[in-house]
Amino acid sequence: MATLERMSQNPNLNRPKDASECPWCRGLGWEILEGKGARQCRHIQVERQSAETARLLQAIPPKYHGYRLEELQPMPQTFTNGLPNPNWHPKQKDLIARMNHNPYLSYYLLGTWGKGKTTYAMCLYRHALEEGRPALAITLAELLKQMRAFDSKCVVDLESFRRNKEQQFLLIDEFGDAGSRVTDFASASLRELINVCEESNTQLVLTANKNEIELERYWSQADPERGPAIMRKLKQKKGAFIVEMF
Ligand SMILES: [Zn+2]
């Protein structure tokens, strides 16, 4: 993502591959503490954390692996031919501060390509995964496809969503692009999903390449009956924060 600075690499990835090279225990698994006996070697903890990180990163597309919420920053305003970098946006800074201060709010990130919307959204997703909360990231097109197919393996099981008492996280990427025609069934399911998010206090993160008015128009056209209700419900969601980056 051109608009964001690359994050520092995870230091755990630089540890020796072979435990026998461990400087603390030489592969024995125990560290000897002078006059105090032995304790489990700290490399075991490091390995456990690395396995946990690897599991978590499997859920996140590789291009976003280098980004973490607490390390995010907008690209410094650099100048090309005397002009400010067009990708830099002052709202990015406010957004990052707000997300770091409250990573549990619902965020609707609207803006043109290259502003880092999905990167910010993926950082919130990673944060939720790191906390062990039930979390899912999916594009709208894929979500609707699964709903349309009435797939019993649909990733979003409304009943379990409704029942879950932990704070859940749902990222719907590209919310302004259904990919194909929105069927009645899919939009009814989507409306139901948004209702469930509200009831269950699910943290909902959306991204779209449309501003608020364009997004409303899009949904009114996609489904004149339910589209406006979907948009209304989203805007009424408690603690939802809309940020437009254009
Ligand atoms: Zn060791």
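Computed from a predicted model, the values in this text were never measured in an experiment.

A.B. asks: Mind laying out helix H3 (residues 117–130), listing which residues take part and the relevant values?
C.D. replies: A rise of 1.5 Å per residue sets the reference length of H3, with its 14 residues, at 20 Å; its end C-alpha atoms lie 20 Å apart and thus fit the reference within 8%. Counting buried positions over the 14 residues of H3 gives twelve, a clear majority of the element. The complete set of buried residues in H3 reads Lys117, Thr118, Tyr120, Ala121, Met122, Cys123, Leu124, Tyr125, Arg126, His127, Ala128 and Leu129. Just beyond H3, the residue with positive phi is Gly132, at close to 75°.

A.B. asks: Explain the packing of helix H4 (residues 140–148) against helix H6 (residues 184–199) to me, using residue names and the numbers behind them.
C.D. replies: When two helices pack together, their arrangement is given by the angle between the helix axes and the distance between those axes. Axis separation between H4 and H6 bottoms out at 9 Å; the angle between their running directions is 110°. Taken together, the axes of H4 and H6 lie roughly perpendicular to each other. Both H4 and H6 take part in a crossing whose hand is right-handed. Mapping the contact onto sequence places Leu144, Met147 and Arg148 in H4 and Phe185, Ala186, Ser189 and Leu190 in H6.

A.B. asks: Describe in detail the sheet that holds strand E8 (residues 203–208), supporting the description with residues and values.
C.D. replies: Read from one edge of the open sheet, five strands run E6-E7-E8-E5-E9, paired in parallel fashion. Only two strands of the sheet have a single partner each, and these edge strands are strand E6 (135–139) and strand E9 (240–245). Across the sheet, the mean angle separating the axes of adjacent strands is 10° when strand polarity is ignored. Looking at chain direction, strand E7 (residues 169–173) and E8 are connected through four bridges and run parallel. Paired with Leu170 across the two strands is Leu204, which belongs to E8. Most of the contacts of helix H2 (residues 90–101) go to E9, to which it runs at about 155°, and overall it touches strand E5 (106–111) and E9.

A.B. asks: Requested: an account of the environment of Gln221, with residues and values cited.
C.D. replies: Tracing the sequence through the fold places Gln221 in helix H7 (residues 212–222). In this structure, the C-alpha to C-alpha distance between Gln221 and Val182, residues 39 residues apart in sequence, is 9.7 Å.

A.B. asks: So what about the pairing of E8? Which residues, and what values?
C.D. replies: Of all six residues making up E8, six are buried, and the element is well covered by its neighbours. Burial along E8 is two-sided: the residues Gln203, Val205 and Thr207 and Leu204, Leu206 and Ala208 are all buried. Of the strand pairs in this sheet, E5 and E8 are connected by four bridges, and their pairing is parallel. Each residue of the ladder has a partner; that of Tyr108, found in E8, is Leu206. Once you follow E7 into H6 and on to E8, the crossover reads as right-handed.

Parameters and conventions
Here the residue numbering is sequential within each chain, running from 1 through the sequence in written order. Local features in this predicted model are restricted to residues whose pLDDT is 70 or higher, and side-chain atom pairs enter the listing and the counts only when it is 80 or higher, whereas totals over whole chains, interfaces and linings include all residues. Each helix is a run of H or I in the DSSP string that is no shorter than four residues. Each strand is a run of E no shorter than two, and both are numbered from the N terminus. Each helix should span, by expectation, one fewer than its residue count multiplied by 1.5 Å. Here a residue counts as buried when 20 or more other C-beta atoms fall within 10 Å of its C-beta, as exposed when 12 or fewer do, and as partly exposed in between; the C-beta atoms come from the backbone. Here, axes are lines fitted to C-alpha atoms. For helices the fit covers the stretch in contact, and angles between N-to-C directions go from 0 to 180 degrees. Note on terminology: angles under 35 degrees are roughly parallel, angles over 145 are roughly antiparallel, angles of 65 to 115 are roughly perpendicular, and the others are oblique. Crossings are assigned a handedness: left-handed for a near helix turned anticlockwise from the far helix by less than a right angle, right-handed for a clockwise turn. Any two residues are considered in contact once their C-beta atoms, placed from the backbone, lie within 7 Å. Note: two strands are recorded as paired if DSSP finds a minimum of 2 bridges between them. For crossovers, right-handed means that the path from the first strand over the helix to the second runs clockwise, given strands pointing away from the viewer.

No statement about biological role is implied by the geometric values presented.
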